[in-house]
Amino acid sequence: MSKKKKEVNISIFLDEAGKIKQIPVPNRTKIPVLTYLASKFEEDRIYNEKEINIIIDEWHTFGDYFILRRLLIDFQLLARTANGAEYWVVKNEDEKKPSDPDTDIIVIGSGFAGLAAAIEAAESGVSVQVLEKMMAPGGNSIISDGGIAAPGTSYQEEAGISDSPELMYQDMMAAGQGLNYPDLVKIVTEGAREAFLWSRDHLGVKYKERVDIFGGHSVPRCYTPETISGSDIIKRQLARLKELQVPIRLGIFVESLIQDQTGRVTGIRIIEGYRYGKLDQGVQKTMTAAKAVIVATGGFGSDVAFRQAQDPRLGSRMLSTNKPSATAEILKECIRIGANPVQLSHIQLGPWTSPDERGFGAGPLFGDYVVLPYGMIIDPDTCSRFVNELTDRNLLAQAILKQNHPVIGIADETAVQTAGWDLSRPLAKGVVRIYENLDELAESFGMDPIAIKVAVDRFNCLIQSGVDEDFQKPVLPGVAPLIRAPFYAMRIWPKVHHTMGGLQIDTSARVIHREQYAIPGLYAAGEVTGGIHGACRLGSCAVTECLVMGRIAGRKAAFEEAGR
């Protein structure tokens, strides 16, 4: 039987200036399309024709009008206006030649690491563009508490705290169970103090006049912005980039990386005008970079399918502190071109979050800053402690999960006053509750009032003795027995918080190929990378890593020789 062929005429009408006018695309017409249809689009041949004749083989079909439309978009022959109208794209004679790059450096991602990289690159004298897929900058960084860890600061000196990069290195390696890449940890710990001072003195971030300790740190070395928000750092970074006239382009979805014949990353394919979750909107374009592309897209904590593939326990029932946009598409694209992924299954759970609110929420301020250092955690079924509250995040989260239900974090008025944090937000949300006595607290959570008093009395005895014989929790200066009403309590259950695994990088932030060489023209920094934290990230070390490695990526990329 002979194959029937159908000819579809798509007319293109020119205006008086010879430019192609907007035309209607066939409205939901069922058009079978051959798999070899793409070969019919020979751009140089059709740009100046008034008609395009597409020969369609009805016997080898694989789609309808939408497939045809997708191909037209893919070949950059069809685009959209801001209001959604479709129009044909024509290559003008005065268009930029492919050899003329759009910028020296493209930074993908606008969190701590990406903005730090962009600042360093721009201050080195090269042109930079920052791309963000969402319609606001900041990523997960902007919803964090903004805490940064650094040793050897004046804050520690004034508090009589002895610390060093070597001690911070030892703490990170211990928490990471020795799975950390030592050379990367050394770079981060040795650059931590300078990165902290850079954010304070160069960017103008205002920090609280205090130094805190979180689980796994040997000494207090953590500093928090005055508003207890990463938005303080992000705002200062954006202000500096505005001074440097670096554009922050929003609503840009990066589809793929572009390499030349040598394997060098020379640019990206994007969707401009992207709206989250709607890949069928926007205009496809290509961007080129003379020097490098820096990937700073964060982790994949909200990418349920990808994270569950790494750790089957982390399905959709496990909530995340991350924004929904914390997904793995750029990580997977880097892997596609040969980047080596490391330790992807090491995914950290935040052991101080509440199941009574979504996302990061307000509860961690109470859980992490009050309960863990100054209070206690109990199992509501047994009314007893079961863990050192100041152990590292990984061990604490695993201990909580073993209880198979949310646990209760308890503090008293003295603990809250000693911690010195404003709890009005978690109290207003009802995540943290106040009780006049332990009997009220026990009744609220369905616990035995006698058993809870026994547990609190035991904790108080250990605090007064100065040694936690039960779980070896450090007794910090200022810690007092839980005896002063009112009492504060919150349900605690871990949420996916940080992905320690990601792209392998070297100490220059260059992305490493699976054959163990640096991929030319490709850098990465921040949570999208792996190997720095090993099995467990210590609190406040993420901001440190982002600023240290982001700045290195920006500087190194700026001194790349164009096209080399």
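About the criteria used
- Along each chain, numbering runs from 1 in the same order as the chain's sequence is written.
- Only residues with pLDDT of at least 70 are given local features in this predicted model, and only at 80 or more are side-chain atom pairs given and counted; all residues enter the totals for whole chains, interfaces and linings.
- Excluded from the side-chain calculation are hydrogens and water; included are all heavy atoms of the structure.
- The predictor reports its confidence for every residue as pLDDT, a score running from 0 up to 100.
- Contacts are residue-level and defined by heavy atoms, with any inter-residue pair within 4.5 Å sufficient.
- Exposure is judged per residue with a 1.4 Å probe applied to protein chains only, and the accessible area is read against the type maximum: over 50% gives exposed, under 20% gives buried, and values in between give partly exposed.
- Segments assigned H or I by DSSP are reported as helices when at least four residues long, segments assigned E as strands when at least two residues long, and all are numbered from the N terminus.
- Only strands joined by at least two bridges in the DSSP assignment are considered to pair.
- Here the expected span of a helix is defined as 1.5 Å times the quantity of residues minus one.
- Lines fitted to C-alpha atoms define the axes here, with helix axes fitted over just the stretch in contact, and angles between the N-to-C directions of these axes take values from 0 to 180 degrees.
- When an angle is under 35 degrees it counts as roughly parallel; over 145 it counts as roughly antiparallel; between 65 and 115 it counts as roughly perpendicular; any other value is oblique.
- Residues are grouped as follows: nonpolar covers Ala, Val, Leu, Ile, Met, Phe, Trp, Tyr, Cys and Pro; charged covers Asp, Glu, Lys and Arg; every other residue, Gly included, is treated as polar.

1. So, the confidence of the model for the protein
Close inspection of predicted coordinates is inappropriate for parts of the model with low pLDDT. Residue-level pLDDT values for the protein average 86, and 82% of them are 70 or greater. Scored below 50 in pLDDT, residues 1–65 makes 114 contacts in the model with residues more than four places away or belonging to other chains. Contacts from residues 79–97, a stretch scored under 50 in pLDDT, to residues over four places away or in other chains number 41 contacts.

2. Topic: the pairing of strand β19 (residues 495–499)
Among the five residues in β19, five count as buried, and that is most of the element. Relative to β19, strand β14 (residues 347–350) is paired through four bridges, and the arrangement is antiparallel. Bridging from a neighbouring strand, Q348 pairs with H498 of β19.

3. Side note on the environment of K556
Looking at the secondary structure, you find K556 in helix α16 (residues 541–558). Given the relative accessible area of 41%, K556 is considered partly exposed. When the C-alpha positions of K556 and R510 are compared, they lie 8.6 Å apart, and in sequence the two are 46 residues distant. Aside from chain neighbours lying at most four places away, what touches K556 is S508 and Y523.

4. With respect to helix α7 (residues 231–243)
Here α7 is 13 residues long and its end C-alpha atoms lie 18 Å apart, about the 18 Å a rise of 1.5 Å per residue gives. Within α7 the residues assigned to the buried category are S231, D232, I233, I234, Q237 and L241. Two residues or fewer past α7, Q245 is found with a positive phi of approximately 60°.

5. Here we look at the packing of helix α6 (residues 182–202) against α16
The N-to-C vectors of α6 and α16 enclose an angle of 90°; their axes lie 8 Å apart at closest approach. If you check the angle between α6 and α16, you find them roughly perpendicular. Packed against α6, whose contacting residues are I187, V188, G191, A192, E194, A195, W198 and S199, the element α16 presents T544, E545, L547, V548, M549, R551 and I552 at the interface. Residue composition of the contact of α6 with α16, by class: nine nonpolar, three polar and three charged.

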